[in-house]
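# Survey of secondary and tertiary structure
These are the residues of each chain, in order.
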There are 2 protein chains.
Amino acid sequence: MTAVDDFIAAGRLDVDRVLDELVPDAATEPRRLHEAVRWSLFSGGKRIRPAIVFAAGGTFGAERGLLVAAAAAIEMIHTYSLIHDDLPAMDDDDLRRGRATCHKQFGEATAILAGDVLQALAFKAIARDDSIAESDRLRLISLIAEASGTPSGMVAGQQLDLDAEGSVLSIEAIERIHSFKTGALISAAAVSGAIIGGGDMDELKAIALYAGKLGLLFQITDDLLDVTQQTETLGKTAGKDAAAAKATYPGHYGIDQTRAMALGIRNEACGALRSLKRDTQLLTALADLILNRTR
Amino acid sequence: MTAVDDFIAAGRLDVDRVLDELVPDAATEPRRLHEAVRWSLFSGGKRIRPAIVFAAGGTFGAERGLLVAAAAAIEMIHTYSLIHDDLPAMDDDDLRRGRATCHKQFGEATAILAGDVLQALAFKAIARDDSIAESDRLRLISLIAEASGTPSGMVAGQQLDLDAEGSVLSIEAIERIHSFKTGALISAAAVSGAIIGGGDMDELKAIALYAGKLGLLFQITDDLLDVTQQTETLGKTAGKDAAAAKATYPGHYGIDQTRAMALGIRNEACGALRSLKRDTQLLTALADLILNRTR
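Thresholds, definitions, all that
- The residue count restarts for each chain, going from 1 along the sequence in the order it is written.
- Going through the entries in the order they are written, you letter the chains from A and number the ligands from 1.
- At least 70 in pLDDT is required for a residue's local features to be given in this predicted model, at least 80 for side-chain atom pairs to be given and counted, and no such filter applies to totals for whole chains, interfaces and linings, which use all residues.
- Derived side-chain values reflect all non-hydrogen atoms in the structure, with water molecules and hydrogen atoms excluded from consideration.
- By the criteria applied, helices consist of DSSP H or I runs no shorter than four residues and strands consist of E runs no shorter than two, each listed in order from the N terminus.
- Here the radius of gyration uses the C-alpha set of atoms, whereas the globule reference equals 2.2 Å times the residue count to the power 0.38.
- The buried label applies to any residue whose accessible area, calculated with a 1.4 Å probe on protein chains only, is under 20% of its type's maximum; exposed applies above 50%, and partly exposed to all values in between.
- Computed by Shrake-Rupley with a 1.4 Å probe, the accessible areas treat only the displayed protein chains as cover when residues are assessed.
- By definition, a salt bridge exists where a carboxyl oxygen of Asp or Glu is found within 4 Å of a side-chain nitrogen of Lys or Arg.
- Axes, fitted as lines to C-alpha atoms, cover a helix only where it is in contact. Angles between the N-to-C directions of the axes lie from 0 to 180 degrees.
- Reported orientations rely on four angle classes, namely roughly parallel under 35 degrees, roughly antiparallel over 145, roughly perpendicular from 65 to 115, and oblique for the rest.
- In this scheme the handedness of a crossing depends on how the near helix is turned from the far one: anticlockwise by less than a right angle means left-handed, clockwise means right-handed.
- Residues count as neighbours in contact if any of their non-hydrogen atoms are within 4.5 Å of one another.
- What sets the superposition is a least-squares fit of C-alpha atoms, and only residues with pLDDT of at least 70 in both copies go into it.
- The sign given to each residue is positive for Lys and Arg and negative for Asp and Glu; His and the chain ends receive no count.
- Throughout, buried area stands for the accessible area (probe radius 1.4 Å) lost by two parts on being put together, summed over both.
- Any N or O atom pair separated by 3.5 Å or less is treated as a polar contact, with the protein-specific requirement of one donor-capable and one acceptor-capable atom, and with residues adjacent in sequence counted only for side-chain atom pairs.
- We call Phe, Tyr and Trp rings a pair once their centres come within 6.5 Å, taking the six-membered ring for Trp, and we label the pair stacked below 30 degrees between planes, edge-to-face above 60, and tilted otherwise.
- Charges are assigned to positions over rings by a cutoff of 6 Å between ring centre and Lys NZ or Arg CZ, combined with an angular limit of 35 degrees from the ring normal.

Let us now look at the overall build of chain A. Each helix and strand in chain A was counted, giving 15 helices and two strands. At 18 Å, chain A has a C-alpha radius of gyration in line with the 19 Å of a compact globule built from 295 residues. Dimensions along the principal axes, computed over C-alpha positions, put chain A at roughly 50 × 45 × 40 Å. Looking at the 295 residues of chain A, the share that counts as buried comes to 58%. Of the accessible surface of chain A, which amounts to about 11000 Å², a share of 50% is contributed by carbon and sulfur atoms.

Looking now at the pattern of salt bridges. Using the criterion set out here, one finds 34 salt bridges over all chains in the structure. Residue Asp14 of chain A pairs with Arg17 of chain A through a salt bridge whose shortest N-O separation is 3.8 Å. On the criterion of helical spacing, the pair formed by Asp14 of chain A and Arg17 of chain A is a turn pair, its members being three residues apart in helix H1 (residues 3–22). Note that Glu268 of chain B is salt-bridged to Lys213 of chain B, the shortest N-O span being 2.7 Å. Of this pair, Glu268 of chain B sits in helix H14 (residues 255–271) while Lys213 of chain B sits in helix H10 (residues 201–228); the two residues are 55 residues apart in sequence, bridging distant segments of the chain. Here Glu268 of chain B falls in the partly exposed class, since its relative accessible area comes to 41%.

Our next topic: the packing of helix H6 (residues 108–127) of chain A against helix H7 (residues 134–148) of chain B. One can describe the packing of H6 of chain A onto H7 of chain B by two numbers: an axis separation of 9 Å at closest approach and a directional angle of 150°. For the element pair H6 of chain A / H7 of chain B, the angle class is roughly antiparallel. For the pair H6 of chain A and H7 of chain B, the crossing hand works out as left-handed. Along its contact with H6 of chain A, which presents Ala120, Phe123, Lys124 and Ala127 of chain A, the element H7 of chain B presents Leu138, Ile141, Ser142, Ala145, Glu146 and Ser148 of chain B.

Across the eleven residues that make up helix H8 (residues 154–164) of chain A, a large majority, nine, are buried. Turning to H8 of chain A, its buried residues are Met154, Val155, Ala156, Gly157, Gln158, Gln159, Leu160, Asp161 and Ala164 of chain A. Here the buried face of H8 of chain A lies against helix H4 (64–85), helix H7 (134–148) and helix H9 (171–196) of chain A together with helix H2 (31–41) and helix H6 (108–128) of chain B. Of the residues flanking the end of H8 of chain A, it is Gly166 of chain A, one or two places downstream, whose phi is positive at about 85°.

What follows is about helix H2 (residues 31–41) of chain A. With eight of eleven residues buried, H2 of chain A is to be regarded as a mostly interior element. Among the residues making up H2 of chain A, those that are buried are Leu33, His34, Ala36, Val37, Arg38, Trp39, Ser40 and Leu41 of chain A. Packed against the buried residues of H2 of chain A are H1, H4, strand E2 (99–100), helix H5 (102–106) and H6 of chain A together with helix H8 (154–164) of chain B.

At an RMSD of 0.0 Å, chain A and chain B line up after a rotation of 180° and a shift of 0.0 Å along the axis. This pairing of chains is accounted for by a two-fold axis.

A few words now on the side chain of Asp116 of chain B. One can find Asp116 of chain B in helix H6. The charged side chain of Asp116 of chain B is buried without a salt bridge, its nearest counter-charge being Lys181 of chain A at 12 Å. Ignoring any residue separated from it by four or fewer positions in sequence, one finds Asp116 of chain B in contact with Tyr80, His84, Asp116, Gln119 and Val155 of chain A together with His84 of chain B.

Contacts between the two partners involve 46 residues from chain A and, on the opposite side, 46 residues from chain B. Of the roughly 4000 Å² buried between chain A and chain B on both sides combined, carbon and sulfur atoms contribute 68%. At the surface where chain A touches chain B, the tally comes to four salt bridges. Where Arg128 of chain B meets Glu146 of chain A, a salt bridge forms, and the shortest distance between an N and an O atom there is 3.0 Å. The interface formed by chain A and chain B contains 16 residue pairs in polar contact (both at pLDDT 80 or more). Taken together, the elements giving at least two residues each to the side of chain A that touches chain B come down to H2, H4, H6, H7 and H8 of chain A. Top contributing element to the side of chain A that touches chain B by residue count: H6 of chain A, with 13 residues.

Here we come to the packing of aromatic side chains. Under the counting rule described, the total for this entry stands at three aromatic pairs over all chains. An angle of 80° between the planes, with centres 5.9 Å apart, marks the rings of Trp39 of chain A and Phe106 of chain A as edge-to-face. Of this pair, Trp39 of chain A sits in helix H2 while Phe106 of chain A sits in helix H5, placing them 67 residues apart in sequence. Taken individually, Trp39 of chain A and Phe106 of chain A each receive the classification buried, so the pair is uniform in this respect. Over the aromatic face of Trp39 of chain B sits the side chain of Arg99 of chain B, whose NZ or CZ is 3.7 Å from the ring centroid.

What follows covers the environment of Ser179 of chain A. Residue and element names in this part refer to chain A. Mapped onto the secondary structure, Ser179 falls in helix H9. The class of Ser179 is partly exposed, set by a relative accessible area of 35%. Sequence separation of Ser179 and Gln219 is 40 residues, and the distance between their C-alpha atoms is 8.6 Å. A distance of 3.2 Å separates the side chain of Ser179 from the backbone oxygen of Arg176, its partner in a polar contact.

So this is what it looks like as structure tokens:
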């Protein structure tokens, strides 16, 4: 285990503990709903977004306890998007993180509701955490709602992705889809940490630039894994993007050139951190981790 | 037109203007998403929940301008729930307010996303309205997230309703489903108005009691309309609840006894207002309006 692995593992424990408190247990009615939420929320996710909140917050000196609500909220938003994305009407995926997707396990209706309720739980978690200053809580809610919404957030990106199926897209169009669909929430994770840590406007800008690149890197490596890995290793159905004629980097540039691009974007991400007068070692290590990820 | 009709019509204009500002226009990409959101949001809805926010807020002296964000947010949450409720995996309805449901018009994937994004827009609208005190904005977000979530909010009620399909339920079980599925958000509308108007804890309690009854009344009259009206008048498919063997009041008590119950609940709602040292004429008129509604 490297230092960044330890950091992520510790963060995972913290965020999982808080998520467990925030979601009604599976014995609380309606049980099927809470079972479905927990099925998807506690399914061995890597907790990359919480790690980004913790790393960015830690860079600005925020204590972990102040950061967990934002980390948990962003993970809940991410999980709701996976549940809805896997639905038959969307990507129609049977497998996620190596096991049945929410709708395969609990039915479509409950999966739709599980996603819906995760979004409500996410915003409630931040609104109610009175260890965070009121003005900061409102900034976080506003930021995360924007990043997960429209016209330049996660849902907008998913719609653009749907609209693009079967078309040949320019690389600019592909990047736009990725930056909305994946980048916006990853960026919000980093900026949330920096807000809670009291970063000033210039620092938030640098963090947002770093995180935008990180999000792009995440998507590119995701595309690479989709074409280079087997379903078993990946824990979700491999080769789906290509089969659906989705816009991907390897599909556009080929695998070797996409790998070179990934390295370039990692360097841009880390370059954006240079203006910060802080120890940015963790943020750099996170970028390396994403560059080299194997699942 | 009665005074309460005028009040609702004026409120509808105000909330529609704000909703129009809060949702990207249909020319903004992704267009299909924004068209779908607007299709469902501006489809001739009665804006009962905004009217409740305005009436409760007005009772405590809040100006309309302070109330519109909460009214719009609650209407967006309500609309997202209708979009998702109509999906094939849920109620599978083709018709809503006299025209095609969102998924019939735009496809299931876009309908799922339209509902998702309305929820994000709702919380963002409140978080960003700096005419409302910061602490009040957080209370509203927390309240509305609770009322639309789980274990005693709207989504929980929808899950219980799904779980109950095909079963014969006790009247207590029916009431619990209704109070979660419909009552919680209606109650949140009234309490939101009272919070913004600066109501104290006792006043909020009285308003919550009134609004809980109002929500129940709303559901009972909804059930009555479902069995007594034609599809054309109703603007949605009539007789669906009975066809799906859903738990309803008329199904349990018969039409005449259900009508008598509705009157009794209207009286309980208005009785809850007696402790308020305020002019409660509008709130009483709203209860009468719901009691006597024909669509």
